[in-house]
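# Chain and residue survey
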Amino acid sequence: TFRLTFQPAPTQQQQPEQEKVLDEAPPAASGAPKESGSSPAAEEKPLSYRSLVLTGYGGYDKIKLQVKTHNKLQLKAGEVLVRVKACGLNFAELLGRQGLYERLPPPPVTMGMEGSGVIEAVGDNVEDRKVGDRVIVLIRCGMWQEVVVVSADQTFLMPEQMSFEEGAAIPVNYISAYMMLFDMANVRPGKSILIHMAAGGVGIAATQLCQTVQDVTVFGTASASKHETIAQGGVTHPIDYRTKDYVEEVRKISPNGVDIVLDPLSGSDTQKGFNLLKPMGTLIVFGAANVVTGQRRNLLAMAKTWYNQFTLNTLKLMQTNKAVGGFHLGHLTDQQLITKTMEKLMELYKQGKIKPCIDSCYHFEEVADAMRRMHERKNIGKVILLPEPKKKEEEPKSNAEPGEKVEKTESAANKKKEEATEEVKAEKD
Ligand SMILES: NC(=O)c1ccc[n+]([C@@H]2O[C@H](COP(=O)([O-])OP(=O)(O)OC[C@H]3O[C@@H](n4cnc5c(N)ncnc54)[C@H](OP(=O)(O)O)[C@@H]3O)[C@@H](O)[C@H]2O)c1
């Protein structure tokens, strides 16, 4: 039997929206309710934990910080309970908030596909995990809360030197980049590649992984202010796609185009990517960032992206000697494949060949600021969410310029006041 150490009830400062009393365990990967079974890890004391809940589709205000309480907690065989220390924010959650991510169950739902933490309890038949293990977790949704119950095989042991923030930044970005580069596009010495959103989570992961192969030329698109950083990180030719035509820029340097294009944008950019491929080249489509233009859903951008969608004639493929592939981690259900890839990534981390770039860390109560940072295209690397309540007077931990930081802190504080007022008003109505 295990004693679970529960966090004290939330303080005033956290301003949880409301208390929910649930009978089932904290949601796991599927987001589906847990059946109560014969579990070795049971605790009579109710378990309270903070959870970020998407309450409907729309803007930042749709994500509420709630406190959930479970009267009893029972782990099924093969499950572990993890106290979460850090979670990753992904572009998929910007889409999810707008109702555009099909792998997310409908609201109310807790988003979050990845995180890191410490195992606090294990169920029956869990052989290779124990209480106290520091683990990375990869699930379909439900990670943005203080505790999660997940299947033990969705956890990965963290190397000693890895921080919780780094652990939370690895799975989605690095597994995606690794599989696209090595399993699908087969990147090899001397090849060239175009990486869009090269200063983002996946972009930096892909750039680092390209450095593990000799003599790979990386063309990377990003906002101009990020070019110095991505050049230091291994992008051979940074391109400012916001002021220049990236196709022209690539062709100026490499008239024949590139061997690989990673396309997270969709719409007209997929056709451009295909055209940029050299014979025997490979295009991998893995996102539709073009549908997102701001906080709220933009029907025009969605229609434009859909209208310009790349359509494929297989005869044309043959005649051009090109390959097109698609990648979606959310649809990859082969757990063994994911585990093997994580093992390779952990090895690369230990060898110092990959290292997540953490852009900024925000506490759960600052989730709107975290999402705003991505929407406004300011992040360089990964944005992290911390379940730990924000301490009074604490500055956001960010790579932002000092001036920007102060401004952001003030505006965040003001916005929070507005949001809090709005919530009270809404409740009164
Ligand atoms: N299929 C999969 O399994 C999979 C897995 C992970 C990620 N993805 C996709 O990969 C892409 C990158 O994801 P990520 O989580 O690593 O995010 P990210 O790259 O960190 O996203 C934010 C950055 O993207 C750039 N950007 C380009 N278009 C944007 C837009 N419409 N709105 C906001 N920012 C935009 C901005 O930087 P710059 O202006 O500097 O470029 C921004 O700072 C997304 O399309 C995501 O859906 C797919």
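All values reported here derive from a predicted model rather than from experimental measurement. Within each chain, residues carry numbers counting from 1 in the order of the written sequence. Given that this is a predicted model, residues contribute local features only at a pLDDT of at least 70 and side-chain atom pairs are listed and counted only at 80 or more, while totals for whole chains, interfaces and linings are drawn from all residues.

### Focus: the sheet that holds strand β16 (residues 323–326)
On the basis of which strands lie adjacent, the open sheet formed by 6 strands has the order β13-β12-β11-β14-β15-β16 and parallel pairing. The open sheet has two free edges, formed respectively by β13 (237–239) and β16, since each of these has just one partner strand. Direction aside, the axes of adjacent strands within the sheet are offset by 15 degrees on average. In this analysis, strands are considered paired if DSSP registers two or more bridges between them. Numbered from the N terminus, helices here are DSSP runs of H or I no shorter than four residues, and strands are runs of E no shorter than two. Examined bridge by bridge, strand β12 (residues 217–221) and β13 share 3 bridges and lie parallel to one another. By the bridge assignment, Thr 221 is partnered in β13 with Ile 239. Contacts here follow a simple rule: the backbone-placed C-beta atoms of the two residues must lie within 7 Å. Only the stretch in contact is used when fitting a helix axis, every axis being a line fitted to C-alpha atoms; angles between N-to-C directions are given from 0 to 180 degrees. On the sheet, helix α6 (residues 246–253) packs against β11 (192–195), β12, β13 and β14 (258–263) and is oriented at approximately 160 degrees with respect to β13. Along the sheet, helix α7 (residues 268–276) contacts β11, β14, β15 (277–285) and β16; its crossing angle with β14, the most-contacted strand, is approximately 165 degrees.

### Examining the pairing of strand β7 (residues 114–122)
Burial in this document is a count-based property: other C-beta atoms within 10 Å of a residue's C-beta are tallied, and the residue is buried at 20 or more, exposed at 12 or fewer, or partly exposed in between, with C-beta positions derived from the backbone. For β7, a buried count of 7 out of 9 residues is recorded, marking the element as mostly surrounded by other parts of the structure. Examined bridge by bridge, strand β6 (residues 79–89) and β7 share 7 bridges and lie antiparallel to one another. Looking at β7, one finds that Arg 83 is bridged to Val 118. Here β7 runs beside strand β8 (residues 134–138); their pairing, made up of 5 bridges, is antiparallel.

### Observations regarding the site of the ligand
Residue proximity rests on one test: whether the C-beta atom, placed from the backbone, lies within 6 Å of the molecule or strand. Around the ligand sit 27 residues, and of these Gly 200, Gly 201, Pro 264, Gly 287 and Leu 329 come closest. Contributions of two or more residues to the shell around the ligand are made by α1 (91–97), α3 (171–184), α4 (201–210) and α11 (367–375). When grouped by side-chain class, the residues that make up the shell around the ligand number 14 nonpolar, 11 polar and 2 charged. Asp, Glu, Lys and Arg are counted as charged, while Ala, Val, Leu, Ile, Met, Phe, Trp, Tyr, Cys and Pro are counted as nonpolar; the rest, among them Gly, fall into the polar class.

### A short note on the confidence of the model for the protein
The predicted model of the protein has a mean per-residue pLDDT of 86, with 81% of residues at 70 or higher. In the predicted structure, residues 1–14 sits below a pLDDT of 50 and forms 24 contacts with residues beyond four places in sequence or in another chain. For every residue, the pLDDT score states the predictor's confidence, bounded by 0 at the bottom and 100 at the top. The model gives residues 400–429 a pLDDT under 50, and that stretch makes 16 contacts with residues more than four places away or in other chains.

### Focus: the nonpolar core
For this analysis, nonpolar core means a set of buried Ala, Val, Leu, Ile, Met, Phe, Trp, Tyr and Cys residues linked through C-beta atoms within 7 Å. Counting 110 residues, the largest nonpolar core has Val 82, Ile 193, Ile 384 and Leu 385 as its most contacted members. Of the domains in this structure, domain 1 (47–169) and domain 2 (173–355) are the two that each give at least three residues to this core. Residue contacts for Ile 193: discarding those within four places in its chain leaves Val 187, Cys 210, Val 216, Val 218, Phe 219, Val 258, Asp 259, Ile 260 and Leu 262. The split into domains, and so the bounds of each, comes from an automatic or database assignment of domains.

### Side note on the environment of Ala 168
Within the element layout of this structure, Ala 168 appears in helix α2 (residues 164–169). Overall, the presence of 30 C-beta atoms within 10 Å leaves Ala 168 in the buried class. Dropping the residues within four chain positions of it, Ala 168 is found in contact with Ala 86, Cys 87, Gly 88, Glu 114, Gly 115, Ser 116 and Ile 384.

### Observations regarding the packing of α3 against helix α10 (residues 335–350)
Packed helices, taken two at a time, are described by their axes: the angle between them and the distance between them. Axis separation between α3 and α10 bottoms out at 10 Å; the angle between their running directions is 100 degrees. Between α3 and α10, the interaxial angle falls into the category roughly perpendicular. For the pair α3 and α10, contact is made by Pro 171, Tyr 174, Ile 175, Tyr 178 and Met 179 and by Ile 338, Thr 341, Met 342, Lys 344 and Leu 345, respectively. Here the residues of the contact of α3 with α10 are counted per class, giving 8 nonpolar, 1 polar and 1 charged. Angle categories: roughly parallel below 35 degrees, roughly antiparallel above 145, roughly perpendicular from 65 to 115, and oblique for all the rest.

### A closer look at the environment of Leu 104
Mapped onto the elements of the fold, Leu 104 is located in the loop between α1 and β7. With 22 C-beta atoms packed within 10 Å, Leu 104 lands in the buried category. On a C-alpha basis, the gap between Leu 104 and Glu 93 in space is 8.9 Å, while along the polypeptide they are 11 residues apart. In this structure, Leu 104 is in contact with Gly 96, Val 109, Met 111 and Cys 141, ignoring residues within four places of it in sequence.

### Here we look at the environment of Asp 124
You can see Asp 124 is positioned in the loop between β7 and β8. Note on Asp 124: 14 C-beta atoms within 10 Å, which makes it partly exposed. For the pair Asp 124 and Lys 76, spaced 48 residues apart in the sequence, the C-alpha separation amounts to 7.0 Å.

### Focus: the pairing of β6
Within β6, 10 of the 11 residues are buried, leaving the element largely enclosed by the surrounding structure. Alignment of β6 against strand β9 (residues 147–151), held across 5 bridges, turns out to be antiparallel. By the bridge assignment, Val 82 is partnered in β9 with Val 148. Sheet topology places β6 next to strand β18 (residues 382–386); 3 bridges connect them, and they run antiparallel. Counted as the bridge partner of Gly 88 is Ile 384 from β18.

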